[in-house]
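The residues making up each chain are set out below.
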Amino acid sequence: MSLDKDQVQHIATLARLKLSAEECAESVEKLSRIVEFVAQLSQVDTRGVLPMAHPLETAQRLRADAVIEVNERDRYQENAAEVSDGLYLVPKVLD
Amino acid sequence: MSVSAWEVVIGLEIHTQLATKSKIFSGASTAYGAEANTQACLVDLGYPGVLPVLNVEVIRMATLFGLAVNATIAPRSVFARKNYFYPDLPKGYQISQYELPIVEHGELFITDAEGKEKRIRITRAHLEEDAGKSIHEGLDGSSGIDLNRAGTPLLEIVSEPDLSSAKEAIAFMKKIHTIVRYLGISDGNMQEGSFRCDANVSVRPPGQEELGTRAELKNLNSFRFIEKAINFEVERQIELIEDGGKVAQETRLYDSDKNETRAMRSKEEANDYRYFPDPDLLPIEISAEFIAATRATLPELPDAKQQRFETDYELKSADAGILTASRATADYFEAVVAASDAKTQLAANWVIGELSAALNRDGLEIDNSKVAADALAGLLNRIHDNTISGKIAKQVFEAMWAGEGSADEIIAAQGLRQITDSAAIEAVVDKVIDANPGQAAEYRAGKDKLIGFFVGQVMKETQGQANPGQVNQILKDKLSK
Amino acid sequence: MSLYSQTLTELAVGLENGEFSSVELTQALLDRIAVHNDKLNAFITVTAEQALATAARADAARSAGNAGVLNGLPILHKDIFCTRGVKTSCGSKMLDNFVSPYDATVVERLADAGAVVLGKTNMDEFAMGSSCETSYYGPVRNPWNLECSPGGSSGGSSAAVAARLAPAATGTDTGGSIRQPAALTGTVGLKPTYGRVSRYGMVAFASSLDQAGVITRSAEDAARMLGVMAGFDERDSTSIDTPVPDYVASLGDSISGLRVGVVRQHFDEGLDEQCGARVKDAIAVLESLGATTVEVDLPNLDLSVPTYYVVAPAECSSNLSRFDGVRFGYRAEGAVDLLDLYCRSRGEGFGDEVKRRIMTGTYVLSAGYYDAYYLKAQQVRQLISDDFKKAFADVDVIAGPTAPTPAFKLGEKVDDPITMYLNDIYTIGANLAGLPGISVPCGFVNDLPVGLHLVGTHFGEETLLRCAHQYQLQTDWHLACPQGFV
């Protein structure tokens, strides 16, 4: 089980990661080894085994429907690279 | 080429914002219209380290909806992450439900083109968080992101492809719209985006089992647009196929200015959402007791209410339909009926007629009507006991609307009480006949329709206050002598 | 005894008796950090000014009779915990400019108890690594041998505590990230039961595996810290609302009759022979204290690493999607469009190992591979969890090695992800099953420390801590101080 360059590039795009040519070549090699390593799971007989999504077996707790947050926009936006009139800015989005 | 040579297949996905005070996973307000990002807390912004905690109200509301459409409420349902990058999606994933939604296998009945009842299956309804908004205007090469809406609870209601025309689609959507407002789980405000719809549209030759390739229409935010967009899309697909082309499975955006649909650029890349169970949230468990307790709070639903209005109030079906289209209108009507001795059809006529017109004119909801239900009942009572005529009543209603007081106060103040004293009316009638001997002679010679002229003269003399029935009778008596 | 060499418990007594003030203690440790940190690179941020201010407040509180349970005691936070007003980098260029606007629950609770935070410790980037070599701020060095790794990802915490720069430091453990660095530095590392300590404010790596814990030099100190950190938090849906026992109170109880499971597969190939011998010696000490050993079977142990390397990357690929250069974190300059902004901000902001794990996770969740990898791993996770359940039917704790080898040289494993991943073979199972685990120093191999690993039942921290404490009463491995830091 190994990955080729196109697959790695496709994954990188899905994950929104720009890879240099070197990084891509290295990723092909290392990801192939990782995928090969985890592929040993396919040998395990798991017929009838329920998938375990979480270590806790309890149910989701619910909170009351109450507004407890106040406006702290300015403080929260101190970490943002570009804001204007309270909006976070990104390059123009095309729909 | 006529459309009828093709069978149209439509399925809807309706996104209903739930009317909670706070967001689905955070304690930020869901109020509409706040300044950008002032209602986006750390959870809504997807800050590092923060975690979602589920709002109990969304579970109650989804359960209520499920029960209203005769669906199964899942004893155990699961939140999943839908992964994709978009600026209005701060975490890079949307918390939604995928394999185990909270509501499944519901149904709803609409009236089809032939007036027959048609069952539309509801595949599922699942909970998810709304995204923020991108603002493109006036930012010079940039888009601005407002995350106030991010995290607002949505119930996505998905129908089976059981709808066969734009009209049926609208009927289904209107019905859902009425139900969610009846249940009080959504304000259904389409301008504010509280109630939105995507439509999956395909066509196939009649008799063909297999479905045609569908296009998903997005951004349908008014009933009018949905109808136009679906009709446009159906024609586009038919033309395409008849010209030897193929419909592409794609997402298309409806442009209301141009009345056309076009493929969305941002959706060109094949999506791979990589759904998996959200490890920050545990399965939602709903007990039979909770379902029973919720069921006990189910209000009477529109179909049942309309039926009851037709039977109990002996209303015309169309009128019962109008009165039950919203719970508030139905409640108002029933309050009027309860407080008045007038015939129920008269009450219906007034609510549908004068009252609705006045509300529309002033842009008011019925809950904020300037004439309350018991006040209107007071007016109807005066019609009923012949204190005033229907015509005078309209005048009184306008005064009531203007805040001049109750019906009785206005009638007294303006001296509008109807004249029912036969002697008084006879005196006026005599006077009118005396003043118009020529017409009286013509009437007596057989020109019956002159009676209208005499009635008009008497009403004019009495400033409209004489009881029209009595005037008619007395005139006929005197003129025939 | 010099202040720096005392444990948290000893320092608490000294403060209580007025032998020294918190300001004096804080200053002494800040001075020590200033002298020694250059050798170790254990810190990303030293918060000297805030620490002294907190210490002064703690002294005032003590005078006023309002001392909290950790009043005036110096601690460190792994730089994965959000600290209001202080940089929270997670060891990444992505968050090099990130100042948290809020405190993690763990940070808040320790502050409320009066603890003084001296600084934030270095770590593998986003906690992804077992050697502290993936940090954007450079590798951390092991005080026992500066050419070696202190383990990871909580390696800054383990190195600092081992070097006596602080008596206690918080850490996080997703696959062994507290216990393995504790083993490699001769410290105690406790990973509580999943849900025991709130994850709120801990930058997420893999949400179903992450758990906050602590690195100290004694089990007693770990008990003291856990008592403050543990407990229900309404901001974390996965925190459990169950009472927090007094972990210190039961430490003195005997372990006579305790059933200690020894896993058949633990001493198979892969374990350094001498490490194995130290661990067996340690188990013999437990027996001498009246514990009985029972051989137990964890037949799917070998599968824990591949299972982990599907589940953890899958969750991380999604958890790290929020780092897009828009609301916080690194943003690439001069992006031509949105896709470019995303791909370059993330491509430039994340290091190699993080990118590798994001890609692995993206792959195993993607259409066509989900069932073969992710779903399969979830099923095997269930098998592994069931193995533990069966084993704990017969025993109270499971004892074994924490890591297969003592500390390895920096650079030795960095190019081989699989070898690096296998370092966590003994610790990962507890994360997959959500069980508590502790590593306790149990001797040396070639002058490098070795750790004894104890795994307990869900919410069995009391037993684990008591077992570790009773062991430490019989041994002095934890009192050994690395040369150059005496």
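No experiment lies behind these values; they were computed from the predicted model shown.

Student: Help me understand the environment of Arg 61 of chain A, please; the structure alone is not making it clear to me.
Tutor: One can find Arg 61 of chain A in the loop between α2 (21-38) and β1 (62-63). If near-sequence neighbours (up to four positions away) are discounted, Arg 61 of chain A is found in contact with Val 53 and Leu 54 of chain B together with Phe 232, Asp 233, Glu 234, Asp 236 and Ser 237 of chain C. Polar side-chain contacts of Arg 61 of chain A include one of 2.9 Å to the backbone oxygen of Asp 236 of chain C.

Student: I would appreciate a short explanation of helix α12 (residues 370-391) of chain C in the present structure.
Tutor: Residues separated by three or four positions in an α-helix point in the same direction, a consequence of the helix having 3.6 residues per turn. All names here are of chain C. A rise of 1.5 Å per residue sets the reference length of α12, with its 22 residues, at 32 Å; its end C-alpha atoms lie 30 Å apart and thus fit the reference within 8%. Along α12, the largest kink reaches about 30° and is centred on Lys 376. Burial of α12 is extensive: 16 of the 22 residues sit out of reach of the surface.

Student: Would you mind going over the packing of helix α6 (residues 302-312) of chain B against helix α8 (residues 327-339) of chain B with me for this structure?
Tutor: The relative placement of two packed helices is expressed as an angle between their axes plus a distance between the axes. Residue and element names in this part refer to chain B. Relative orientation of the contacting elements α6 and α8 amounts to 25°, with a least axis distance of 12 Å. Overall, the two elements α6 and α8 adopt an arrangement that is roughly parallel. Of the two possible hands of crossing, α6 and α8 adopt the one that is left-handed. Across the interface between the two elements, Lys 305, Arg 308 and Phe 309 from α6 touch Ala 330, Asp 331, Phe 333 and Glu 334 from α8. Of the residues assigned to the contact of α6 with α8, the class counts are 3 nonpolar, no polar and 4 charged.

Student: Is there a simple way to think about the pairing of strand β8 (residues 292-296) of chain C in this case?
Tutor: Where a strand is regular, its side chains alternate between the two sheet faces. Residues and elements named next belong to chain C. Examined bridge by bridge, strand β7 (residues 259-263) and β8 share 5 bridges and lie parallel to one another. Looking at β8, one finds that Val 260 is bridged to Thr 293. For the crossover that starts at β7, traverses helix α8 (residues 273-288) and ends in the parallel β8, the hand is right-handed.

Student: What is the right way to read the pattern of salt bridges from this model?
Tutor: Oppositely charged side chains can pair when the atoms bearing their charge come close. Here the structure, examined in full by the defined rule, presents 61 salt bridges over all chains. Salt-bridge contacts for Asp 280 of chain B lead to Arg 81 of chain B; the nearest nitrogen and oxygen are separated by 3.0 Å. Within this pair, whereas Asp 280 of chain B is found in the loop between β16 (276-277) and β17 (284-285), its partner Arg 81 of chain B is found in strand β5 (residues 79-83), the two being separated by 199 residues in sequence. Assessed through its relative accessible area of 0%, Arg 81 of chain B is described here as buried. Two residues, Glu 107 of chain B and Arg 119 of chain B, come together in a salt bridge whose shortest N-O distance is 2.5 Å. Of the two residues, Glu 107 of chain B is situated in strand β7 (residues 103-111) and Arg 119 of chain B in strand β8 (residues 117-129); the sequence distance between them amounts to 12 residues. Classification of Arg 119 of chain B by relative accessible area gives partly exposed; the value is 43%. The network of salt bridges with common partners includes Glu 26 and Lys 30 of chain A together with Glu 353, Arg 356 and Arg 357 of chain C.

Student: How should the interface of chain A and chain B be read in this particular structure?
Tutor: How big an interface is tends to be expressed through the accessible area that disappears when the partners come together. At the interface, 35 residues of chain A touch 53 residues of chain B. Taking both partners together, chain A and chain B bury about 3900 Å²; carbon and sulfur atoms supply 57% of that area. Remark: the boundary between chain A and chain B carries 1 salt bridge. The shortest N-O distance in the salt bridge between Arg 73 of chain A and Glu 35 of chain B comes to 3.2 Å. Taken together, chain A and chain B are joined by 24 residue pairs in polar contact (both at pLDDT 80 or more). Of all the secondary-structure elements, those providing two or more residues to the side of chain A that touches chain B are β1, α3 (73-76) and β3 (87-91) of chain A. Per-element accounting of the side of chain A that touches chain B gives the leading share, 5 residues, to β3 of chain A. Of the residues that constitute the side of chain A that touches chain B, the class distribution is 18 nonpolar, 8 polar and 9 charged. Note that β1 of chain A and strand β2 (residues 54-55) of chain B share 2 bridges and pair parallel. Note that in β2 of chain B the partner of Arg 63 of chain A across the bridge is Asn 55 of chain B.

Student: What is the right way to look at the packing of helix α9 (residues 344-362) of chain B against helix α11 (residues 390-401) of chain B in this model?
Tutor: Residues and elements named next belong to chain B. For the pair α9 and α11, the least separation of the axes is 12 Å and the interaxial angle reads 35°. Our pair here, α9 against α11, has a crossing hand that is right-handed. Here Trp 350, Glu 354, Leu 355, Ala 358, Leu 359, Arg 361 and Asp 362 of α9 lie close against α11, whose contacting residues are Gly 390, Ala 393, Lys 394, Phe 397, Glu 398 and Trp 401.

Student: Mind showing me how you'd approach the domain arrangement of chain B here?
Tutor: Segmentation of chain B into domains returns domain 1 (3-293), domain 2 (302-414) and domain 3 (422-479). Just the C-alpha atoms count here: the centres of domain 2 of chain B and domain 3 of chain B sit 33 Å apart.

Student: What am I meant to see in the interface of chain C and chain A here?
Tutor: Contacts between the two partners involve 70 residues from chain C, matched on the other side by 52 residues from chain A. Buried surface at the junction of chain C and chain A, both sides included, amounts to about 5200 Å², of which 66% is carbon and sulfur. Three residues, Arg 331, Met 359 and Tyr 363 of chain C, lead the burial of chain C against chain A; their summed loss comes to 12% of the area buried on that side. Linking chain C with chain A are 5 salt bridges. With a shortest N-O distance of 3.3 Å, Glu 57 of chain A and Lys 389 of chain C are connected by a salt bridge. Our enumeration of links across chain C and chain A arrives at 21 residue pairs in polar contact (both at pLDDT 80 or more). Every element with two or more residues in the side of chain C that touches chain A is listed here: α9 (304-319), α10 (338-349), α11 (352-365), α12, α13 (417-421) and α14 (428-433) of chain C. The element that contributes the greatest number of residues to the side of chain C that touches chain A is α12 of chain C, accounting for 12 residues. Along the lines of polarity and charge, the residues of the side of chain C that touches chain A split into 36 nonpolar, 16 polar and 18 charged.

Student: Quick question: what am I supposed to make of the packing of aromatic side chains here?
Tutor: The relation between two aromatic rings is expressed through the spacing of the ring centres and the mutual angle of the planes. Taken as a whole and judged by the stated rule, the model has 32 aromatic pairs over all chains. Both rings, one in Phe 85 of chain B and one in Tyr 342 of chain C, keep their centres 5.6 Å apart while their planes meet at 50°; by these two values the pair is tilted. Here Tyr 342 of chain C lies in helix α10 and Phe 85 of chain B lies in the loop between β5 and β6 (93-97), a pairing that spans two chains. Note on Phe 85 of chain B: relative accessible area 9%, which makes it buried. Residue Tyr 342 of chain C is classed as buried on the basis of its relative accessible area of 2%. For the pair Tyr 363 of chain C and Tyr 373 of chain C, a centre-to-centre distance of 5.6 Å together with 55° between the ring planes defines the contact as tilted. Here Tyr 363 of chain C is found in helix α11, whereas its partner Tyr 373 of chain C is found in helix α12, with 10 residues between them in sequence. Summarising the burial analysis for this pair, Tyr 363 of chain C and Tyr 373 of chain C share the class buried. One aromatic cluster is present, built from ring pairs that chain together Tyr 76 of chain A, Tyr 47 of chain B together with Phe 98, Phe 126, Phe 323, Phe 328 and Phe 350 of chain C. Just above the ring of Tyr 330 of chain C sits the side chain of Lys 93 of chain C; from NZ or CZ to the centre is 4.8 Å.

Student: What exactly am I supposed to notice about the sheet that holds β7 of chain B here?
Tutor: Working definition: the strands of a sheet are paired by backbone hydrogen bonds and lie parallel or antiparallel to each other. All names here are of chain B. What the 9 strands build is an open sheet, ordered β3-β7-β8-β11-β1-β12-β13-β14-β15; its pairing is mixed. Because the sheet does not close on itself, it has two edges, and the strands there are β3 (72-73) and β15 (260-263). Sheet topology places β7 next to β8; 8 bridges connect them, and they run antiparallel. Pairing of Glu 104 across the sheet is with Arg 124, part of β8.

Student: Is there a simple way to think about the sheet that holds strand β9 (residues 133-135) of chain B in this case?
Tutor: Taken together, 4 strands build an open sheet; the order of strands is β2(A)-β3(A)-β10(B)-β9(B) and the sheet is antiparallel. The open sheet terminates on both sides in strands that have one partner only, identified here as β2 (83-84) of chain A together with β9 of chain B. In this sheet, strand β10 (residues 142-146) of chain B lies alongside β9 of chain B in antiparallel orientation, the contact comprising 3 bridges. Across the sheet, the residue bridging to Lys 133 of chain B is Asp 146 of chain B, located in β10 of chain B.

Rules and cut-offs
Residues numbered from 1 in each chain as written. Chains lettered and ligands numbered in written order. Predicted model: local features only at pLDDT ≥ 70, side-chain atom pairs only at ≥ 80, totals over all residues. Heavy atoms only, no water. Helix = DSSP H or I, 4+ residues; strand = E, 2+ residues; numbered from the N terminus. Contact = heavy atoms within 4.5 Å. Polar contact = N/O pair within 3.5 Å; in protein donor to acceptor, adjacent residues only side chain to side chain. Expected span 1.5 Å × (residues − 1). Bend = angle between axes of the 7 residues up to and from the residue. Buried < 20%, exposed > 50% of the residue type's maximum accessible area, 1.4 Å probe, protein only. Axes fitted to C-alpha atoms, helices over the stretch in contact; angles between N-to-C directions. Parallel < 35°, antiparallel > 145°, perpendicular 65-115°, else oblique. Left-handed = near helix turned anticlockwise from the far one by under 90°. Nonpolar A, V, L, I, M, F, W, Y, C, P; charged D, E, K, R; others polar. Pairing = 2+ DSSP bridges. Right-handed = clockwise from strand over helix to strand, strands pointing away. Salt bridge = Lys/Arg side-chain N within 4 Å of Asp/Glu carboxyl O. Buried area = accessible area lost by both parts, 1.4 Å probe. Domains from an automatic or database assignment. Phe/Tyr/Trp six-rings, centres within 6.5 Å; stacked < 30°, edge-to-face > 60°. Lys NZ or Arg CZ within 6 Å of the ring centre and 35° of its normal.

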